[in-house]
Amino acid sequence: MRKLVINAEKKGEKINKNIYGHFAEHLGRCIYEGIFVGEDSPIPNVKGMRTDVVEALRQIKVPVLRWPGGCFADEYHWMDGIGPQSERKRMINTHWGGVVEDNSFGTHEFMELCDQVGCAPFISGNVGSGTVREMGDWVEYMTFDGISPMADLRRANGREAPWNVPYFGVGNENWGCGGNMCVEYYAGVYRHYQTYVREYGDNKIAKIACGANVDDYHWTDVMMNRCHNATGPINGITFRMDGLSLHYYTSPGGPEGRGSAADFDMYKYFHTMRDALRMDELIREHSRIMDRYDPEKKVGLVVDEWGTWFDVAEGTNPGFLYQQNTMRDALVAAVTLNIFNSHCDRVSMANLAQTVNVLQSVILTQGEEMLLTPTYHVFDLYKGHQDGTLLESSIETQHIGPDEYTVPDLHLSASQGADDVIHVTLANLSLDTAQSICCQVEGQPVSSVQGRILTGEMDARNDFDDKDRIKLQTFVDILVEDGVLQFEIPPCAVMEIKLNA
Ligand code: AHR
């Protein structure tokens, strides 16, 4: 029997709900078909947004959505995406499949989507191929309430009131597709561009700088040294960096490539899990550098791209990054979200790549059909952590898996909501061994419990011919005696247990 201990008296920081954020790029079938089908589509929609997809996203309480990219953001000229849809410019989406982008989904449509989903918009500005003026104008267009060329243009395009834009990214992957800059150069560019990301009226904007790729610690060091705002104005010039991003994909490469998303063996499974768990080391190391410059943790680490990245599904456009999603992806999501929770003192936001039909999607669509992936269900299981307070928790583990890819078998997180309910999320990474758990809660009585579980073979997935093969089930086999819980978690499973005082 494994011992799990939760201490309700040892409270950590608040788990920012934005850790449960998502990312939707103009890439493949994410925006077009996956989310936006246009008002004339036979697919049920409200103002062009698929009602089935919007409803599913509401269910998991998506708190924030990043758009329009990704690499696409640094080639996106927002003015091409406003005004009458039929008159909008058509362009080539050079990064993603070379397809025609007709700009029918632009700023107004994105804001409408966020309204329908009930989430906050996180706009990625164009630094790579855009001008400072273009970026400043976009912010003015979206958020200024008075008389100005951009605010007047917004009104002429049918939107009277400004929108609230709480998060703005100053470029994306500027070390790569966003301009191939070295960090010493980008740090100056960041300070320059962010000056014109103005806060009009009550609209407070968290400015998010492009951060490191994986373990590029030099990038974080230079950005923190030159751009962080914890010590106030430098040389009399006020500038701010509220967030610094980090991109890390779980992409178990090898001579044979990343491997198939749906067809893999036990070695690839453990390789993937080991790579996913690396997120903990990356956050620790980047945080250690950030702590040196910003011990008060005012600058958030924003993991605004994460998730699995496997070979594209056979027979699909290689530029569309479409992949299936299995229980392996569910376990990657489970451990990653537990890791984010455990670093909630520094991680202020994270955005899974990407919402629909691209990489580790929560939703797949095929024409008018839609299915929820195993990863979707993990976000459903974990939504109770949003804005909760992290609680100290521990569990006895054993290392499992082949020598080069060993991982701990159990992975845990616990938090307490404003209603005092304790949420425990637990993953069993073993492929063959169930574990009996004895869970002790210190500092709070437990009167009742509710459990839900997601479990299946490592490669089990939902398909359009069987959309509910993998789904959440109520988990009732929990014995509660004198505040101590006993239950068994099956292999390859993710659970949520709610403990009521
Ligand atoms: O999510 C797909 C791509 O991965 C994004 O466009 C880019 O930022 C990253 O390299």
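Just so it is clear, the structure is predicted and the values come from calculations on it, not from any experiment.

A. Broad picture of the sheet that holds strand β22 (residues 448-455). Spatial strand order, β23-β22-β26-β20-β19-β16-β1-β21-β25-β24: 10 strands in an open sheet with mixed pairing. Looking along the sheet, the strands with just one partner apiece sit at the ends: β23 (473-475) and β24 (479-481). Going from strand to strand, the sheet's axes swing by 25° on average, the running direction of each strand aside. Examined bridge by bridge, strand β1 (residues 2-14) and strand β21 (residues 435-442) share six bridges and lie parallel to one another. Opposite I6, over in β21, you have V441 as the bridge partner. The strands touched by helix α8 (residues 327-342) are β16 (389-395), β19 (410-416), β20 (422-428), β22 and β26 (493-500); relative to β19, the strand with the most contacts, the crossing angle is about 50°. Across the sheet, helix α9 (residues 374-382) lies against β20, β22 and β26, angled at about 165° from β22, the strand it touches most.

B. Region of the structure containing the site of the ligand. Among the 13 residues in the neighbourhood of the ligand, the closest are listed as E25, C71, E173, Y249 and E305. Between the ligand and the protein, one listed contact pairs an oxygen atom with a side-chain N or O atom of N172 at 3.1 Å. Between an oxygen atom of the ligand and a side-chain N or O atom of Y249, the distance comes to 2.7 Å. Summarising the interface, the protein chains cover 93% of the accessible area of the ligand, which totals 280 Å² for the free molecule. By residue class, the composition of the shell around the ligand is seven nonpolar, three polar and three charged.

C. Representation of the packing of helix α6 (residues 217-227) against helix α7 (residues 266-293). Orientation of α6 relative to α7, taken along the N-to-C sense of each, is 25°, at an axis distance of 9 Å. By the angle class used here, α6 and α7 are roughly parallel. When the axes of α6 and α7 are compared, the crossing they make is right-handed. Across the interface between the two elements, Y217, T220, D221, M224 and N225 of α6 pack against E281, L282, E285, H286, I289, M290, R292 and Y293 of α7. Looking at the contact of α6 with α7 residue by residue, the class counts come to six nonpolar, three polar and four charged.

D. Examining the sheet that holds strand β8 (residues 120-125) more closely. Pairing within the closed barrel is parallel, and its eight strands lie in the order β2-β5-β8-β9-β10-β11-β12-β13. The sheet shows a mean angle of 30° between the axes of neighbouring strands, direction not considered. Examined bridge by bridge, strand β2 (residues 21-23) and strand β13 (residues 347-353) share three bridges and lie parallel to one another. Residue F23 lies in a different strand from β13, and its bridge partner there is A353. Lying over the sheet, α6 contacts β10 (206-213) and β11 (243-250), oriented at roughly 150° with respect to β10.

E. Layout of the pairing of β20. Burial analysis of β20 places seven of its seven residues in the buried class, which makes it a mostly covered element. Of the two faces of β20, the one lined by I422, V424, L426 and N428 and the one lined by H423, T425 and A427 are each fully buried. Pairing analysis gives seven bridges linking β19 to β20, with the strands arranged antiparallel. The residue bridging A414 from the neighbouring strand is V424, located in β20. Once β19 ends, the chain turns through five residues before running back antiparallel as β20, passing D420 with a positive phi of about 75°. With seven bridges joining them, β20 and β26 adopt antiparallel strand pairing. Opposite I422, over in β26, you have L499 as the bridge partner.

Quick notes on the rules
- Residues numbered from 1 in each chain as written.
- Predicted model: local features only at pLDDT ≥ 70, side-chain atom pairs only at ≥ 80, totals over all residues.
- Heavy atoms only, no water.
- Pairing = 2+ DSSP bridges.
- Helix = DSSP H or I, 4+ residues; strand = E, 2+ residues; numbered from the N terminus.
- Axes fitted to C-alpha atoms, helices over the stretch in contact; angles between N-to-C directions.
- Contact = heavy atoms within 4.5 Å.
- Near = heavy atom within 4 Å.
- Polar contact = N/O pair within 3.5 Å; in protein donor to acceptor, adjacent residues only side chain to side chain.
- Areas by Shrake-Rupley, 256 points an atom, 1.4 Å probe, with all protein chains shown as cover.
- Nonpolar A, V, L, I, M, F, W, Y, C, P; charged D, E, K, R; others polar.
- Parallel < 35°, antiparallel > 145°, perpendicular 65-115°, else oblique.
- Left-handed = near helix turned anticlockwise from the far one by under 90°.
- Buried < 20%, exposed > 50% of the residue type's maximum accessible area, 1.4 Å probe, protein only.

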